[in-house]
Amino acid sequence: MTGRSAVTVRVPAKVNVQLAVGGARADGFHDLANVFLAVGLYDEVTAAPAESLRVTAAGPDVDRVPLDRTNLAARAAELLAARYGLAPDVHLHIAKDIPVAGGMAGGSADAAGALVACDALWGTGASRDELLAICAELGSDVPFSLVGGVALGRGRGELLTPLEVGGTFHWVFAVADGGLSTPAVYREFDRLNEGLDVPVPEASGALLDALRVGDAVALAGAVSNDLQGAAVSLRPSLVDTLEAGVAAGALAALVSGSGPTTAFLAKDADAAAGVAAALSASGTCRVARVAAGPVPGATVV
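Summarised in this report is the structure supplied together with it. (Residues numbered from 1 in each chain as written. Predicted model: local features only at pLDDT ≥ 70, side-chain atom pairs only at ≥ 80, totals over all residues. Heavy atoms only, no water.)

Let us look at the packing of aromatic side chains. When we look at a pair of aromatic rings, we describe it by the centre distance and by the angle of the planes. For the coordinates displayed, the defined rule picks out two aromatic pairs. Between Phe-36 and Phe-144, the aromatic rings sit 4.7 Å apart at their centres with planes inclined by 10°, giving stacked as the arrangement. Taken as a pair, Phe-36 in strand 2 (residues 30–49) and Phe-144 in helix 4 (residues 142–147) lie far apart in primary sequence, 108 residues in all. Taken as a pair, Phe-36 and Phe-144 share a single burial class, namely buried. Each ring, one from Trp-171 and one from Phe-173, has its centre 6.3 Å from the other, and the planes form 20°; the classification is stacked. By relative accessible area, Phe-173 is classed as buried at 0%. (Phe/Tyr/Trp six-rings, centres within 6.5 Å; stacked < 30°, edge-to-face > 60°. Helix = DSSP H or I, 4+ residues; strand = E, 2+ residues; numbered from the N terminus. Buried < 20%, exposed > 50% of the residue type's maximum accessible area, 1.4 Å probe, protein only.)

A word on the pairing of strand 4 (residues 90–95). Here strand 2 pairs with strand 4 via six bridges, running antiparallel. Paired with Ala-48 across the bridge in strand 4 is His-91. Looking at chain direction, strand 3 (residues 54–58) and strand 4 are connected through five bridges and run parallel. Of the residues in strand 4, the one forming a bridge with Thr-56 is His-93. Between the parallel pair strand 3 and strand 4, the chain is carried across by helix 1 (residues 72–83), and the sense of this crossover is left-handed. (Pairing = 2+ DSSP bridges. Right-handed = clockwise from strand over helix to strand, strands pointing away.)

See below:
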């Protein structure tokens, strides 16, 4: 133990600028080519000593955040503690600002934040590779929440390669009412592709080039999400949101991850503000949030 009274870690949301999905594997997962970009919407996870493991949360939609040991942040603390022979006696407080069940990896971000916070609080001194291994055990998106920036995720998304990026990209995120279950979206993807020859997922060369040079217009022409059809099938109202963002001047519109949050790429900060205002007024979403990226991953503050 370090004797620290509390450690707070800030951890970002993500947008998938490309999500290429292969057919279902024998283990039920899907091979992916998943290009993650971390954006400046953050949760903060504070770890403090306690007599037993407990989780509290504050912020929008926290009534939909589990506060028991099914919470990924609690599982992160338990896995780290078990690895170092410690009791997971910690109070984890999650200050939520990333949309809940919105396809922006908020739960994964909390897990990565809890892992970094507990490592610092307990003084375990885990290496980056050890932390990434625990992240991969927790979920496909958790390793990227630790790393941040821009990265290509292979396997089921957990095998990361950092990518070169040449500028800042400006985004608007339209938050829908309610959430979408990621497993349900993948099941719908499988249903829609039943009997079809699903190609092996590959990262788009045009997309990687656009990221490298920081060209928002080129990136807009290359973004894609193979889960979008499944998300729209389960939530047809997302079409209205996507169309409203394009009508407001967004360079590109897509469902973020498994949804139901939709993401809009804008030319610059001013254009993003205009798209957000139009979306907020359109009645097609609950709230529109502006964020830029890439930004770093889980960071002690």
